[in-house]
Structure formats: structure tokens, C-alpha cells
Amino acid sequence: MPAAKLIRPSTEYKESFLSALDEYHKEGRFSFYNNNEIYSNFEEFIENLRNEKGHRYRPYESWVEPVPETILWLVKDMEYIGSIYIRHRINWHLEKWGGHIYFAIRPSMRNKGFGKKILKKSIPYANYIGIDKALITVDPDNKAAQRIIEFCGGKEDDITPATNQFPSQKRYWLDCT
Ligand SMILES: CC(C)(COP(=O)(O)OP(=O)(O)OC[C@H]1O[C@@H](n2cnc3c(N)ncnc32)[C@H](O)[C@@H]1OP(=O)(O)O)[C@@H](O)C(=O)NCCC(=O)NCCS
């Protein structure tokens, strides 16, 4: 059976990506993606994911600059499993909330080790982009993500306190050299 691998987003995964998006939406994640729009314009959607220009931080786009971002998908047996976002540099906002790397595994594929896999496999890509130490920020209650980051060698730094607009975040640094 072929192993899970990281790929650039591809139109070949239309059906499984859209069904994963339904799962993410049910848990309130990626709500800025509209399923119907993506379904009708899938090629354009993929092209945008692949162009690395970075996305606007809705609803804060007027005061947080977008940064270049590489998006990769973890796939196995022609099925989409999860996504990883590697920001090439961090802005003042990502320094506290968001970091260089964000990852998600579709809900129906969790607790099978894919979280560990996606982060581990992304390290050479981050290094290739030129990131020596990647910042990863995580909700202090998100124990699964913390186990994954620590498993991959992430070292805890400090905790960004919550503000009126943003939640508290634990910050980790991950050696990518
Ligand atoms: C966090 C997330 C990526 C984990 O994905 P996953 O595929 O379930 O992760 P894994 O199967 O590799 O499990 C990772 C570890 O977390 C542990 N774990 C899972 N749920 C847990 C929980 N509720 N409490 C404590 N540990 C937990 C697992 O046992 C495993 O540790 P072990 O192998 O040492 O036993 C997934 O839940 C997700 O996509 N969440 C939403 C997005 C998110 O929070 N991303 C993190 C951004 S920093």
C-alpha cells in the first residue's frame, strides 16, 4: 500500500477535498472557503492555492499584510488527508498568533498518526524555503497538536496572553535545519 505523501494541491483530489471541507465546516474550520464556489471553479481554486502569494487575514486584511505561503496536502491512496501551510516569513501578527506553520487533518482521519506525519514531512520543505527555525503557535488546550509539535522536536517558548480580539497561544520553535 503506498505511503502518505505531501503534494502540491491538485485537481485530482476534487471529490475527497470537498468532502473533507464539509467535515472541516461542521467543526467551524475554514469557513472562509465556500464549498459551492470551489466546486464550480475547482481549477481556479487550486491555481490560487498553488500561487504562494499568501492569503488575506480576513477580517483583518486592512491592517495585517499577507505573506507568501506554500500550501501542501497530505494524500494517501488518492484521498486528501490534511493540509499544511508554510508561511515564508512572519508578520507582527503571525509572530504572536499563527506562526510559520499551521496544519490540519480532516476530522474523519484523525487519531491515526497523520498529524505527526504531516508536520514531520513538512520540515524539509520549510528548510528549502529558507526557514531555519519555524514558529508554531497553538491553543494551550490543544494537547494533540502539542504532542505532535514536541514529537517533531518543537521547543516551547512562551505564551502569548489573550487580548480582546485574539486567544492565548502557546509558542513553539521547531528546528528545520
Ligand atoms: C491537531 C490535529 C492535527 C491532530 O491530528 P491527528 O491526525 O489526530 O494527530 P495524530 O493521530 O498524529 O496524534 C497525535 C498525538 O496526539 C494525541 N492525542 C490525540 N488527541 C488527544 C487529546 N485529546 N489529548 C491528548 N492527546 C491527544 C495522540 O494520542 C497522538 O499522540 P501519541 O501518538 O503520542 O499517542 C487535528 O486534531 C486537527 O487537525 N485539529 C484541528 C486543527 C489544529 O488544531 N491544528 C493544529 C494547529 S497548531
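The shown structure was predicted, so the numbers you read here are calculated from the model rather than taken from an experiment.

Some details on the site of the ligand
And step 1. Close contacts around the ligand come from 19 residues, with Asn 111, Gly 113, Lys 116, Asn 142 and Arg 147 the closest.
And step 2. A distance of 3.2 Å separates an oxygen atom of the ligand from a polar backbone atom of Lys 112.
And step 3. Separating an oxygen atom of the ligand from a side-chain N or O atom of Lys 116 is a distance of 2.7 Å.
And step 4. In isolation the ligand offers 960 Å² of accessible surface; the protein chains occlude 72% of this area.
And step 5. By residue number, the principal contributor to the shell around the ligand is helix 5 (residues 143-151), which donates five residues.
And step 6. Across the shell around the ligand, the residue classes break down as eight nonpolar, five polar and six charged.

Describing the sheet that holds strand 2 (residues 69-76)
And step 1. Taken together, four strands build an open sheet; the order of strands is 1-2-3-4 and the sheet is antiparallel. Each having just a single partner strand, strand 1 (5-7) and strand 4 (101-105) make up the two edges of the open sheet. Each strand of the sheet is rotated relative to its neighbour by a mean of 25°, with strand direction disregarded.
And step 2. Note: strand 2 against strand 3 (residues 79-87), eight bridges, orientation antiparallel. Across the sheet, residue Lys 76 finds its bridge partner in strand 3, namely Glu 79.
And step 3. Here helix 1 (residues 14-26) sits on the sheet in contact with strand 2, strand 3 and strand 4, set at roughly 75° to strand 3.
And step 4. Packed on one face of the sheet, helix 4 (residues 114-129) meets strand 1, strand 2, strand 3 and strand 4 and runs near 40° to strand 3.

Describing the sheet that holds strand 6 (residues 155-160)
And step 1. Read from one edge to the other, the open sheet built from three strands follows the order 5-7-6, with strand pairing classed as antiparallel. In this open sheet, the two strands that pair with only one neighbour each are strand 5 (133-138) and strand 6. Put simply, the sheet's adjacent strands are angled 25° from each other on average, direction ignored.
And step 2. Direction of pairing for strand 5 relative to strand 7 (residues 169-175): antiparallel, over a ladder of six bridges. Its bridge partner lying in strand 7, Val 138 is registered against Lys 170.

Remarks on the environment of Thr 160
And step 1. Residue position: Thr 160 is located in strand 6.
And step 2. Accessibility expressed as a relative area gives 4% for Thr 160, which makes it buried.
And step 3. Sequence separation of Thr 160 and Gly 54 is 106 residues, and the distance between their C-alpha atoms is 24 Å.
And step 4. Contacts of Thr 160, omitting those with residues within four sequence positions, involve Lys 96, Trp 97, Ser 168, Gln 169 and Arg 171.

Details of the pairing of strand 2
And step 1. Within strand 2, eight of the eight residues are buried, which leaves it mostly tucked inside the rest of the structure.
And step 2. Here strand 2 shows two buried faces, one formed by Glu 69, Ile 71, Trp 73 and Val 75 and the other by Thr 70, Leu 72, Leu 74 and Lys 76.
And step 3. Here strand 1 pairs with strand 2 via three bridges, running antiparallel. Across the sheet, the residue bridging to Leu 6 is Leu 74, located in strand 2.
And step 4. Following strand 2, the chain reverses through two residues before pairing antiparallel with strand 3; Asp 77 in that reversal takes a positive phi of roughly 50°.

Definitions and cut-offs
Residues numbered from 1 in each chain as written. Predicted model: local features only at pLDDT ≥ 70, side-chain atom pairs only at ≥ 80, totals over all residues. Heavy atoms only, no water. Near = heavy atom within 4 Å. Polar contact = N/O pair within 3.5 Å; in protein donor to acceptor, adjacent residues only side chain to side chain. Areas by Shrake-Rupley, 256 points an atom, 1.4 Å probe, with all protein chains shown as cover. Helix = DSSP H or I, 4+ residues; strand = E, 2+ residues; numbered from the N terminus. Nonpolar A, V, L, I, M, F, W, Y, C, P; charged D, E, K, R; others polar. Pairing = 2+ DSSP bridges. Axes fitted to C-alpha atoms, helices over the stretch in contact; angles between N-to-C directions. Contact = heavy atoms within 4.5 Å. Buried < 20%, exposed > 50% of the residue type's maximum accessible area, 1.4 Å probe, protein only.

By themselves, these are just geometric observations and shouldn't be taken as functional.
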